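Each chain, written out:
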Amino acid sequence: MSKHQTKIIYNGKEHCFDQSNGSLLRNLELQGEHPAYQCREGFCGACRATLKQGEVRYTHEPLAFVRDGEILLCCSMPQGDIILETD
C-alpha cells in the first residue's frame, strides 16, 4: 500500500507537502512558487492566504492578526489535503 502524500492546491496549482521541508511557505518556494512574505525581514502578515478547504496547525503562534478563514504560510503545516488562495 502506498503512503498518501498531502496535497496543496495553491492558486489552482497542485503541489505535494513534504513535512521535512518545514512550513507551507518553504514547501511552496521549493516547488517554484513565490508567495509574498516579509517575516525574514522582521515583519509579519505578508504571507497571509485564504484557507478554502482543509485544516492547518501552527508551528508557533502567529505574530500578525489572522482573520477567520486565513492562515500565515510561514508558520503553518497542513493536517491533510488543503486548498489555498492568495489575493
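Note that the structure is a prediction, hence the values are computed from the model and not measured. (Residues numbered from 1 in each chain as written. Predicted model: local features only at pLDDT ≥ 70, side-chain atom pairs only at ≥ 80, totals over all residues. Heavy atoms only, no water.)

Undergrad: Which residues make up the pairing of strand β2 (residues 13-16), and what values do they have?
TA: As judged from the four bridges shared by strand β1 (residues 7-10) and β2, these two strands associate in the antiparallel manner. In the strand pairing of β2, Y10 is matched with K13. (Pairing = 2+ DSSP bridges. Helix = DSSP H or I, 4+ residues; strand = E, 2+ residues; numbered from the N terminus.)

Undergrad: Outline the environment of F43, supporting the account with residue identities and numerical values.
TA: Topologically, F43 is positioned in the loop between α1 (24-30) and β3 (48-53). The exposed category is assigned to F43, whose relative accessible area is 54%. Sequence separation between F43 and L63 is 20 residues, and the spatial gap between their C-alpha atoms is 8.9 Å. (Buried < 20%, exposed > 50% of the residue type's maximum accessible area, 1.4 Å probe, protein only.)

Undergrad: How would you summarise the pairing of strand β7 (residues 82-85) if you had to cite specific residues and measurements?
TA: Residues I82 and L84 of β7 are buried on one face, while the alternating residues I83 and E85, pointing to the opposite face, are not. Alignment of β1 against β7, held across three bridges, turns out to be parallel. Counterpart to I8 in the pairing with β7 is I82. Pairing of β3 with β7, which is carried by three bridges, proceeds in the antiparallel orientation. When the bridges of β7 are listed, Q53 appears paired with I83.

Undergrad: An account of the layout of surface pockets is needed here, citing residue identities and associated values.
TA: Space inside the second largest pocket adds up to approximately 150 Å³. Looking at the second largest pocket, the residues that line it are Y10, P35, A36, A46, C47, R48, A49, T50, E70, E85, T86 and D87. Within the lining of the second largest pocket, the residues separate by chemical class into six nonpolar, two polar and four charged. (1 Å grid on protein atoms, 1.4 Å probe; cavity = no way out; pocket = protein on both sides within 12 Å on 5 of 7 lines; lining within 4 Å. Points joined across faces, edges and corners; volume = space filled by probe spheres on them. Nonpolar A, V, L, I, M, F, W, Y, C, P; charged D, E, K, R; others polar.)

Undergrad: Can you lay out the side chain of S76 for me, pointing to particular residues and giving the numbers?
TA: By the secondary structure assignment, S76 is in strand β6 (residues 76-78). Within the structure, S76 has its side chain in polar contact with the backbone oxygen of L72 (distance 2.7 Å). (Polar contact = N/O pair within 3.5 Å; in protein donor to acceptor, adjacent residues only side chain to side chain.)

Undergrad: Describe the sheet that holds β2, naming the residues involved and giving the relevant values.
TA: Taking strand neighbours across the sheet as the criterion, the five strands line up as β2-β1-β7-β3-β5 in an open arrangement whose pairing is mixed. Of all the strands in the sheet, the pair left with one neighbour each is β2 and β5 (70-72). In this sheet, adjacent strand axes meet at a mean angle of 35° when their direction is disregarded. (Axes fitted to C-alpha atoms, helices over the stretch in contact; angles between N-to-C directions.)

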